[in-house]
Amino acid sequence: MNRALRKAVIAGNWKMNKTPSETTALINEIKPLVASASCGVVVCVPYVDLQNALEATKGSNIEVGAENCHWKENGAYTGEISAVMLKEMGVKYVIIGHSERRQYFGETDVTVNMRVRAALDAGLTVILCVGELLEEREQGITFEVVSKQTKIALSGVSEEELKRIIVAYEPVWAIGTGRTATAEQANEVNAAIRSVIAGLYGAEAADGVTIQYGGSMNDQNADELLSQPDVDGGLIGGASLVASKFAAIVKAADR
Ligand code: 13P
């Protein structure tokens, strides 16, 4: 990554793991291991774990994120949580457009954009996920897919608001499979996403955007991935649930 231009951020995506009490315990384990980190450290946890996460991270350098939010501030949307609710709790980040939301819960580029808008309006920082399916990579349309996802997600987002967008490139075939993209593959797509953003906002604004890689990133491969010029951090699933592994990735981002 290029530290002169942008900040490295390592974020854990806990997905549907950990109860509230387990959240407190895991954060208490992570806290001392990452206390001297100079990169950003974020844990994105299930809604019901947010309060415990906020309490456990108080006074530390770890920030808290949610894993999704609805596009309306309030209303008759049984089971949903709004961005303003998260903001009032003290949550700073929200993951939007994760491929598991797209795959299993009918998320589309358009609803991703609506959620991005709502999150920005509420004052949150967005971790926007994009990434191609295996068949799309095999068809040679990876750049087209991530370009379309990025452009639609950022529709109506101002250059000022872009400062509260982190993009996470997560090839769907690399998520939870143990099959990581090579460092070159990750860098190539991250650079392509940056050039899409440059086309929308100009090169200077694009150079300031943190673009993470996610998909089977762990303590073993983090160094190589994070040494790439356009890989500015990671969105970590499985390895973020093990304090020592998550801390090792944070250390790799600081090297
Ligand atoms: P894994 O690190 O478990 O592959 O998950 C990546 C991911 O989906 C993070 O959002």
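Our structure is the block above this text.
Nothing here was measured: the structure is a model prediction, and the numbers come from that model. (Residues numbered from 1 in each chain as written. Predicted model: local features only at pLDDT ≥ 70, side-chain atom pairs only at ≥ 80, totals over all residues. Heavy atoms only, no water.)

Undergrad: Can you help me understand the sheet that holds strand β7 (residues 211–214) in this one?
TA: Adjacent strands of a sheet form backbone hydrogen bonds with each other and so pair up, either parallel or antiparallel. On the basis of which strands lie adjacent, the closed barrel formed by eight strands has the order β1-β2-β3-β4-β5-β6-β7-β8 and parallel pairing. For this sheet, the mean angle separating the axes of adjacent strands, direction not counted, is 25°. Packed on one face of the sheet, helix α9 (residues 183–201) meets β5 (125–130), β6 (165–169) and β7 and runs near 145° to β7. Packed on one face of the sheet, helix α12 (residues 243–254) meets β1 (9–13), β2 (40–44) and β8 (233–236) and runs near 160° to β1. (Pairing = 2+ DSSP bridges. Helix = DSSP H or I, 4+ residues; strand = E, 2+ residues; numbered from the N terminus. Axes fitted to C-alpha atoms, helices over the stretch in contact; angles between N-to-C directions. Contact = heavy atoms within 4.5 Å.)

Undergrad: Explain the packing of helix α1 (residues 20–34) against α12 to me, please; I cannot follow it from the model alone.
TA: Axes are the key here: two packed helices are described by the angle between their axes and the distance separating the axes. Between α1 and α12, the least distance of the axes is 9 Å, while the angle of their chain directions is 30°. Considering their axes alone, α1 and α12 lie roughly parallel with respect to each other. Here the hand of the crossing between α1 and α12 comes out right-handed. Counted together, Leu26, Glu29, Ile30, Leu33 and Val34 of α1 and Ala243, Ser244, Phe246, Ala247, Val250 and Lys251 of α12 form the full contact between these two elements. Residue composition of the contact of α1 with α12, by class: eight nonpolar, one polar and two charged. (Parallel < 35°, antiparallel > 145°, perpendicular 65-115°, else oblique. Left-handed = near helix turned anticlockwise from the far one by under 90°. Nonpolar A, V, L, I, M, F, W, Y, C, P; charged D, E, K, R; others polar.)

Undergrad: What is the right way to look at α9 in this model?
TA: Along an α-helix, residues three or four apart share an orientation, since each turn contains 3.6 residues. Between its terminal C-alpha atoms α9 stretches 26 Å, which fits the 27 Å expected from 19 residues at 1.5 Å a residue. Every buried residue of α9 is listed here: Ala183, Ala186, Asn187, Val189, Asn190, Ala192, Ile193, Arg194, Val196, Ile197 and Tyr201. In the segment just after α9, Gly202 is the residue with positive phi, at about 95°. (Expected span 1.5 Å × (residues − 1). Buried < 20%, exposed > 50% of the residue type's maximum accessible area, 1.4 Å probe, protein only.)

Undergrad: Looking at this model, I keep getting lost on the environment of Ala83. Mind explaining?
TA: Along the chain, the position of Ala83 falls in helix α3 (residues 83–89). Residue class for Ala83 comes out buried when judged on its relative accessible area of 3%. For the pair Ala83 and Tyr93, spaced ten residues apart in the sequence, the C-alpha separation amounts to 9.7 Å. Ignoring any residue separated from it by four or fewer positions in sequence, one finds Ala83 in contact with Cys69, His70, Ala118, Ala119, Ala122 and Leu124.

Undergrad: So what exactly am I meant to see when it comes to the site of the ligand here?
TA: Surrounding the ligand, one finds Asn13, Lys15, His98, Glu170, Ala174, Ile175, Gly176, Gly215, Ser216, Leu235, Gly237 and Gly238. In this structure, an oxygen atom belonging to the ligand sits 2.9 Å away from a side-chain N or O atom of Glu170. Contact distances for the ligand include 2.6 Å between an oxygen atom and a backbone N or O atom of Gly176. Here the ligand loses 94% of its free accessible area of 310 Å² to cover by the protein chains. Each residue belonging to the shell around the ligand can be placed in one class, and the counts come to three nonpolar, seven polar and two charged. (Near = heavy atom within 4 Å. Polar contact = N/O pair within 3.5 Å; in protein donor to acceptor, adjacent residues only side chain to side chain. Areas by Shrake-Rupley, 256 points an atom, 1.4 Å probe, with all protein chains shown as cover.)

Undergrad: I would appreciate a short explanation of the side chain of Gln228 in the present structure.
TA: Along the polypeptide, Gln228 turns up in the loop between α11 (222–226) and β8. Take Gln228: its relative accessible area is 14%, and that puts it in the buried class. If we ignore the near neighbours within four places in the chain, the residues touching Gln228 are Met1, Ala183, Glu184 and Asn187.

Undergrad: Just to check I follow, could you spell out the pairing of β5 for this structure?
TA: Regular strands have side chains that alternate between both faces of the sheet. In terms of burial, β5 is a largely internal element, six of the six residues being buried. On β5, burial covers both faces: Thr125, Ile127 and Cys129 on one face and Val126, Leu128 and Val130 on the other are all buried. When β5 meets β6, the two strands line up parallel, connected through five bridges. The residue bridging Cys129 from the neighbouring strand is Ala168, located in β6.

Undergrad: Sorry, what's going on with the pairing of β2 here?
TA: Counting buried positions along β2 yields five of five residues, so the element is predominantly enclosed. Where β1 and β2 come together, five bridges link them in parallel fashion. What sits directly across from Ala11, in β2, is Val42. For the crossover from β1 across α1 to β2, the handedness is right-handed. With four bridges connecting them, β2 and strand β3 (residues 62–66) associate as parallel partners. Within β3, the residue paired with Val43 across the bridge is Val64. In this region the chain leaves β2, passes through helix α2 (residues 50–57) and returns to the parallel neighbour β3; the handedness of that crossover is right-handed. (Right-handed = clockwise from strand over helix to strand, strands pointing away.)

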